[in-house]
Amino acid sequence: MRIFVTGGAGYIGSHTCVELLNNNYEIVVIDNFSNSKRDVIDKIKEITKKDFVFYEGDVTDKALLSKIFKENKIDAVIHFAGFKAVGESVSKPLMYYHNNLESTINLLEVMNEFDVKKIAFSSSATVYGKPDSLPIKEDFKLSTTNPYGTTKLMIEMILNDLYKSDNEWSIAILRYFNPIGAHESGLIGENPNDIPNNLMPYIMKVAVGELDHLNIFGNDYDTHDGTGVRDYIHVVDLAKGHIKAIEKVLKSTGCDTYNLGTGTGYSVLDIVKAFESVNNVKIPYEIVGRRPGDIDACYADPTKSLKLLGFKATKNLEDMCKDSYNFVRRSKHE
Ligand code: WQD
């Protein structure tokens, strides 16, 4: 079976490529390196000792997509490629709507032309907005507070409408909670080109001395210690969730949505303490004001993914913190 992976050099994309190759899938990858490093492609090959087809390019380039589908017999697609910085999306909404929507519509149109109607889509728990209760189930109300999240919600709606128009489609919409961690080799991990937005890249920068402290955005939330609570999931677990999703879309039709989380919420201070303890390193921090748009707490009800995909995260918080630190130390010394 051959899987087309858009954004396969990215954080979640690269870890998913490793799992696909380890599970004996052929893969064809496209990436424009807008938020990933060129050497990740070689690192995927180094980890798996397997080769694969790679195209440097942009998913908004419909002619390139057609060329790829002409040159490779594709059985299914995993679509990661897209801009994902919440803050940037607020200041540059048109760039986000243009890129994320045009690339997806191009991809779906070319898939249709080549009669490839099986796709797993990278969505996000951000589509839930501020939940009325916890844990979050897939049928909870959806509301977004930033253009990035709205592009994810719009694409979910496009996929649902596509299935309604043609029941031959097989679609898995995957709502990620908070991916952190890195492959145990330390060769790939979370290494954004831009200024990091997320918590763990900042903690990693403090751990290796690039920053002298972490800013903790508020400690007056309605949580056990006042800092924000999230459902952190090891990126390798998340990648394995994609294998389960691809197995599902390859053998059936339909359009369904799945939470990919652990079901456990940890606060910012929980993460800092776990990172310090497992890595024997100090993470100095300062409590500062809340970040606009942040919610108190968010964690998944993972029941449906276990029941319908057979997916359950297995790595714990210590694994996530250990693997993150291993990656950042290794990438600092390259
Ligand atoms: C986690 C917690 C912050 C940085 C975002 C996107 C979501 C998904 C994951 C793409 C919060 C706190 C953070 C820092 C801090 N991305 N924090 N200091 O906001 O839950 O989700 O990333 O799909 O769509 O919305 O993740 O890692 O930014 O924040 O105190 O320097 O860490 O307030 O409580 P978030 P995050």
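Residues numbered from 1 in each chain as written. Predicted model: local features only at pLDDT ≥ 70, side-chain atom pairs only at ≥ 80, totals over all residues. Heavy atoms only, no water.

S.K.: Please explain the sheet that holds strand β4 (residues 76-79) as it appears in this structure.
M.R.: An order of β3-β2-β1-β4-β5-β6-β11 is seen for the seven strands of this open sheet, with the pairing classed as parallel. The outermost strands of the open sheet, each flanked by one partner alone, are β3 (53-56) and β11 (254-260). Looking at each pair of strands side by side, their axes are set apart by 15° on average, direction ignored. Strand direction decides the pairing type here: strand β1 (residues 2-6) and strand β2 (residues 26-31), joined by five bridges, are parallel. When the sheet's bridge partners are listed, R2 is paired in β2 with E26. Sitting on the sheet, helix α1 (residues 11-22) touches β1, β2, β4 and β6 (170-176), and the angle it makes with β2 is about 165°. (Pairing = 2+ DSSP bridges. Helix = DSSP H or I, 4+ residues; strand = E, 2+ residues; numbered from the N terminus. Axes fitted to C-alpha atoms, helices over the stretch in contact; angles between N-to-C directions. Contact = heavy atoms within 4.5 Å.)

S.K.: I keep staring at helix α5 (residues 93-113) and nothing clicks. Help me out?
M.R.: At 3.6 residues per turn, the α-helix brings residues three or four places apart onto the same side. An ideal rise of 1.5 Å per residue puts 30 Å on 21 residues; α5 measures up with 30 Å between its terminal C-alpha atoms. All of the buried residues in α5 are Y96, N99, N100, L101, S103, T104, N106, L107, L108, V110 and M111. The secondary structure elements touched by the buried residues of α5 are β1, α3 (62-71), β4, α4 (86-91), β5 (118-124) and α6 (147-165). Where α5 terminates, the next one or two residues include D115, which has phi positive at roughly 55°. (Expected span 1.5 Å × (residues − 1). Buried < 20%, exposed > 50% of the residue type's maximum accessible area, 1.4 Å probe, protein only.)

S.K.: Would you mind showing me how to read the pattern of salt bridges here?
M.R.: Applying the stated criterion across every chain yields a total of 20 salt bridges. Here K43 and D39 are joined by a salt bridge, their closest N and O atoms 3.4 Å apart. Of the two residues, K43 and D39 both sit in helix α2 (residues 39-48), four residues apart, roughly one turn of that helix. For K43, a relative accessible area of 11% gives the class buried. A relative accessible area of 34% places D39 in the partly exposed class. One salt bridge connects K67 with E71, and the closest N-O pair in it is separated by 2.9 Å. Here the residue K67 and the residue E71 both occupy positions in helix α3, the gap between them amounting to four residues, near one helical turn. (Salt bridge = Lys/Arg side-chain N within 4 Å of Asp/Glu carboxyl O.)

S.K.: Help me out: how do you make sense of the site of the ligand in this one?
M.R.: The ligand sits among 19 residues. The nearest are Y148, N198, L199, R230 and D294. One of the side-chain nitrogen or oxygen atoms of N178 is found 3.0 Å away from an oxygen atom of the ligand. Notes on the ligand: free accessible area 690 Å², of which the protein chains cover 90%. Elements with a contribution of two residues or more to the shell around the ligand: α7 (199-207) and β8 (214-217). In the shell around the ligand, the residues fall into nine nonpolar, seven polar and three charged. (Near = heavy atom within 4 Å. Polar contact = N/O pair within 3.5 Å; in protein donor to acceptor, adjacent residues only side chain to side chain. Areas by Shrake-Rupley, 256 points an atom, 1.4 Å probe, with all protein chains shown as cover. Nonpolar A, V, L, I, M, F, W, Y, C, P; charged D, E, K, R; others polar.)

S.K.: What exactly am I supposed to notice about the pairing of β5 here?
M.R.: For a regular strand, side chains alternate in direction, first toward one face of the sheet and then toward the other. Within β5, seven of the seven residues are buried, which leaves it mostly tucked inside the rest of the structure. Where burial is concerned, the two faces of β5 agree: the one with K118, A120, S122 and S124 and the one with I119, F121 and S123 are both buried. Note: β4 against β5, three bridges, orientation parallel. Looking at the pairing, H79 lines up with F121 of β5. Relative to β6, β5 is paired through seven bridges, and the arrangement is parallel. When the sheet's bridge partners are listed, S123 is paired in β6 with R175. Handedness of the crossover is the feature at issue here: the chain leaves β5, passes through α6, returns alongside β6, and the resulting connection is right-handed. (Right-handed = clockwise from strand over helix to strand, strands pointing away.)

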